[in-house]
Amino acid sequence: MIRSSLSLAMLLAATTVSAAGLHGINPDDINRHGDACTDFFDYANGNWRQQNPIPDYMDRWSRRWQSGEVNKEHVRDILTEVSAKTDSPKGSAEQLSGDYYAACMDESRVNQLGIAPAKPWLDEIQAIKTRDDVQHTIGHLHEVGVAVPFVLYSDQDLHDPTQVVAMVAAGGLGLPDRDYYLKTEKRFVEARAEYLEHVAKMFVLAGAKPAEAEAAAKTVFAFEKRLAEASLDNVALRDPKQQDHKMALSGLQALAPAFDWAAYFDAAHVPKIDLNVTQPKFLQQVNTELATTPVDQWRTYLRWHVLRSAADALPEPFAEEKFAFYGKYLSGATEMKPRWKRCAEDTDNQLGEALGRAYVEKYFPPEAKARMQDMVKNILLAMRDTIDELDWMSQPTKAKALEKLATFNPKIGYPDKWKDYAGVRISRDSYWDDLVAASRWNVADDRARIGKPVDRSRWGMTPPTSNAYYNPSLNEIVFPAGILQPPAFDVKAIDAVNYGAIGVVIGHEISHGFDDQGAQFDAQGRLANWWTPEDNKQFQAKGQCVVKQFEGYFIEPGIHHNGKLVLGESIGDLAGAKLAYRAYLKSREGKGPEPTIDGFTPEQQFFIAWGQWRGDETRPETQRTMIQGDPHPIAKYRVNGPLSNLPAFREAFQCKVDAPMVRPQADRCDVW
Ligand SMILES: [Zn+2]
């Protein structure tokens, strides 16, 4: 408890308090030698970054990520408290989360058990002799969430979102995406060599001789490369139309006849109704592998994915080797997170709604929820007014857009209905067994939805998560309590700061309903066009402006953002800042101006709040990984990109028309 309150105090230490007892931005974070109109990212937060180097275990750092790490301390405090009790009723939230955390924290027990807990899985794989055996083992691994080589999960029917159907999707790769297997640029060639070495090392840790391990790694790589060739790339994966292939089970059977789909669905207790295959070409490749790849290669491939999925629950050398590739090589972190952080994260990941109730009781008071509801309402109204005023959209399309906006469902803080983890058995004996039990429960819980009407009360993130999302099929915006913490959101902050930080996030999530993806879903959450051809043409052209803007942002010579990949997030940031600012001004009508703090006007504080919350320092390795696969631009351009398009920013800081933070009128992007 002491440690967490200290961190919180640190977080707020630089804050200046107004006469009304409300604080504004953090003036000490500002780089006073910088210039707001030249590089706002550097200006708003440069001093903070200078004084707060990225911790060894993180891949990026800002007040935003710091706040996320404070959440983990809060989660740790809750888990430490509940795990100290040994008399919690079996199956209660306290027993489940407390014992899970305790088993994870018992590192000497994990080390003492060695690889033994994984043995039943590895033995089953070793015993595979026939193609039928391969199929059975794939089914068993899916029951605990190992995605080889495809995955089955539940989601809403793209054309009838009132119903939940099975999705059969691509999986099975150990590198981040298909390009890592195929592209010829140096960084991908190098990543492949590192990956081969990593896979071999994991096999050695599991008992293979070095020469065997090397050969096995090559087998794994060749197998995955064939899957990668049949996979969609990251830009195509953003297009819901490319993943819309509804079919009957007989259609899937015809697509991939080497697999007995009826038997697989029966074993998974999934009804054999119409389903969606996200990537038919990938499934055809899986079929080829089943039909032609020797069984011993399948054994090698499956063994690798068990080791990869389970490394964190095995003795430290496995977790360390996994970190060496994914954490160090791909992300640039130099040290593993302390065990308590990994255990707090994993407990939240597996049993987040068991500990989430205690979390919100402590860290999300009712007045915070009320203030958030008010902001969300105001920003939705700002979107309504914005749509009303658009000069490029015809009345029929506007009517559809407003209809969609009216059905938005905001979820704030925590679910109204908590998950009941009945039946999951967690004890302090073995972290591995707990991980398997919790994964099995989560997979079964997900599959149980298939064939039923959608349950709108479910959440896709746990309450302590420092993040937010938009779901187009449900047309909902979701803000877990974990992101509604200082400095994103603070009941003790002036409105300018709350609207500038969490307000822009709210606007961002609303705008996802109208970005390159979201705009393809209608008010009911169907993948269905509601645009006139002419309006859609205008919308695409406006998006193209953003694509072009981000294509011009480099992280190092020769490597720039992929404009199409970051389009949705960048529409979200641009519209989010604009909507939040509009809502902020309106919310102050009749209330008088907010205080100028340290010489900064409320309007300036609005933008500084965004720069300070969003202003990550990012490791070069993480930048490279992000630029390849992350639909979010790096923080520097998430700050400077949208603001350089906004006249309100220019006015707030009185920038000259030719300043770097002011895009020339002809290049200025404005979508919503
Ligand atoms: Zn987003």
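> Break down the coordination of the zinc ion for me, with residues and values.
The protein atoms that coordinate the zinc ion are His 508 (NE2), His 512 (NE2) and Glu 569 (OE), at distances of 2.0 to 2.1 Å. Spacing between the donor residues of the zinc ion along the chain follows H-x3-H-x56-E. With His 512 in helix H20 (residues 495-512) and Glu 569 in helix H22 (residues 567-587), this pair connects stretches of sequence that are 57 residues apart. Judged by relative accessible area, which is 9%, His 512 ranks as buried.

> Describe the domain arrangement of the protein, naming the residues involved and giving the relevant values.
Under the domain assignment, the protein is made up of domain 1 (148-314) and domain 2 (364-408 + 486-667). The C-alpha centroid of domain 2 is placed 35 Å from the C-alpha centroid of domain 1. Between domain 1 and domain 2, roughly 1,500 Å² of surface is buried when both sides are summed, and carbon and sulfur atoms account for 54% of that area. The interface formed by domain 1 and domain 2 holds 1 salt bridge in total. With a shortest N-O distance of 2.8 Å, Arg 238 and Asp 516 are connected by a salt bridge. Linking domain 1 with domain 2 are 7 residue pairs in polar contact (both at pLDDT 80 or more). Sorting the residues of the side of domain 1 that touches domain 2 by element identifies helix H8 (179-182) and helix H9 (186-205) as the ones contributing at least two each. Grouping the constituent residues of the side of domain 1 that touches domain 2 by class yields 7 nonpolar, 2 polar and 8 charged.

> Account for the packing of aromatic side chains, with residues named and values stated.
Taken as a whole and assessed by the stated rule, the structure comprises 46 aromatic pairs. A ring pair is formed by Phe 325 and Tyr 329, whose centres lie 5.8 Å apart and whose planes are at 20 degrees; its orientation type is stacked. Of this pair, Phe 325 and Tyr 329 both sit in helix H15 (residues 316-329), 4 residues apart, which is roughly one turn of the helix. Its relative accessible area of 2% is what places Phe 325 among the buried residues. Here Trp 392 and Trp 531 contribute two aromatic rings whose centre-to-centre distance is 6.4 Å and whose plane-to-plane angle is 15 degrees, an arrangement assigned as stacked. Of this pair, Trp 392 sits in the loop between helix H17 (366-389) and helix H18 (395-406) while Trp 531 is found in the loop between H20 and helix H21 (533-551), placing the two residues 139 residues apart along the sequence. Summarising the burial analysis for this pair, Trp 392 and Trp 531 share the class buried. One aromatic cluster in this structure is built from Phe 40, Tyr 43, Tyr 499, Tyr 581, Tyr 584, Phe 606, Phe 607, Phe 649 and Phe 653.

> Outline the sheet that holds strand S6 (residues 409-413), listing residues and values.
Sheet architecture is open: 3 strands sit in the order S6-S8-S7, paired in mixed fashion. Each edge of the open sheet carries a strand with a single partner, namely S6 and strand S7 (469-471). Neighbouring strand axes in the sheet, compared pairwise and without regard to direction, differ in orientation by 15 degrees on average. As paired strands, S6 and strand S8 (residues 476-480) are joined by 5 bridges and run parallel to one another. Each bridged residue has a counterpart across the sheet, and for Asn 409 the counterpart in S8 is Glu 476. Contacting S7 and S8, H20 runs over the sheet at an angle of about 150 degrees to S8.

> Before we move on, could you go through the packing of H20 against H22 and cite the residues and values that matter?
It is the contact of H20 with H22, at a shortest axis distance of 6 Å, that shows an interaxial angle of 135 degrees. Between H20 and H22, the interaxial angle falls into the category oblique. Here the hand of the crossing between H20 and H22 comes out right-handed. In terms of residue class, the contact of H20 with H22 is made up of 10 nonpolar, 9 polar and 3 charged.

> Lay out the pattern of salt bridges in plain terms, naming residues and giving numbers.
Here the idea is simple: oppositely charged side chains can pair when their charged atoms come close. Inspection of the entire model under this criterion finds 42 salt bridges. A salt bridge links Glu 316 to Arg 339; the shortest N-O distance between them is 3.0 Å. Taken together, the residues Glu 316 in helix H15 and Arg 339 in helix H16 (residues 339-363) connect sequence positions 23 residues apart. Taken as a pair, Glu 316 and Arg 339 share a single burial class, namely buried. With a shortest N-O distance of 3.0 Å, Arg 624 and Glu 556 are connected by a salt bridge. In this pair, Arg 624 is assigned in helix H24 (residues 620-629) and Glu 556 in strand S9 (residues 554-556), connecting sequence segments 68 residues apart. With a relative accessible area of 26%, Glu 556 lands in the partly exposed category.

> Tell me about the sheet that holds strand S2 (residues 150-156), and please be specific about residues and values.
Across the sheet, 4 strands lie side by side as S2-S3-S5-S4; this open sheet has mixed pairing. The open sheet terminates on both sides in strands that have one partner only, identified here as S2 and strand S4 (246-247). With 7 bridges joining them, S2 and strand S3 (residues 164-170) adopt antiparallel strand pairing. Bridged to Val 151 within S3 is Ala 169.

Calculation rules
All chains use their own residue numbering, which begins from 1 and follows the written sequence. Side-chain atom pairs in this predicted model are given and counted only at pLDDT of 80 or more, local residue features only at pLDDT of at least 70, and totals for whole chains, interfaces and linings cover all residues. The side-chain values count all of the structure's non-hydrogen atoms but skip hydrogen atoms and water molecules. A 2.8 Å cut-off from the metal defines N, O and S donors, relaxed to 3.2 Å for Na, K and Ca; water is not in the atom list, so some sites may appear incomplete. Put simply, DSSP H or I for four residues or longer makes a helix, DSSP E for two residues or longer makes a strand, and each gets a number counted from the N terminus. Burial classification: accessible surface area is computed with a 1.4 Å probe over protein chains only, and a residue below 20% of its type maximum counts as buried, one above 50% as exposed, and the rest as partly exposed. Segment limits for the domains were obtained from an automatic or database-derived domain assignment. Buried area adds together the accessible area that both of two parts lose upon being put together, with accessible area traced by a 1.4 Å probe. Every case where a carboxyl oxygen of Asp or Glu lies within 4 Å of a side-chain nitrogen of Lys or Arg is listed as a salt bridge. Here a polar contact is taken to be a pair of N or O atoms separated by no more than 3.5 Å, where protein atoms must pair a possible hydrogen donor with a possible acceptor and residues adjacent in sequence count only if both atoms sit in side chains. The classification used treats Ala, Val, Leu, Ile, Met, Phe, Trp, Tyr, Cys and Pro as nonpolar, Asp, Glu, Lys and Arg as charged, and all other residues, Gly among them, as polar. Pairing of aromatic rings covers Phe, Tyr and Trp, the last counted by its six-membered ring, and requires centre-to-centre distances within 6.5 Å; plane angles under 30 degrees mean stacked, over 60 mean edge-to-face, and any other angle means tilted. At least two bridges found by DSSP between two strands is the condition for calling them paired. To obtain each axis, a line is fitted to C-alpha atoms, and for helices this fit is confined to the stretch in contact; angles are then taken between N-to-C directions over 0 to 180 degrees. Here a residue-residue contact requires only that any non-hydrogen atoms of the pair lie within 4.5 Å. Here the word oblique covers every angle except those under 35 degrees (roughly parallel), over 145 (roughly antiparallel) and from 65 to 115 (roughly perpendicular). Throughout, a crossing is termed right-handed when the near helix is turned clockwise from the far one, and left-handed when it is turned anticlockwise from it by less than a right angle.

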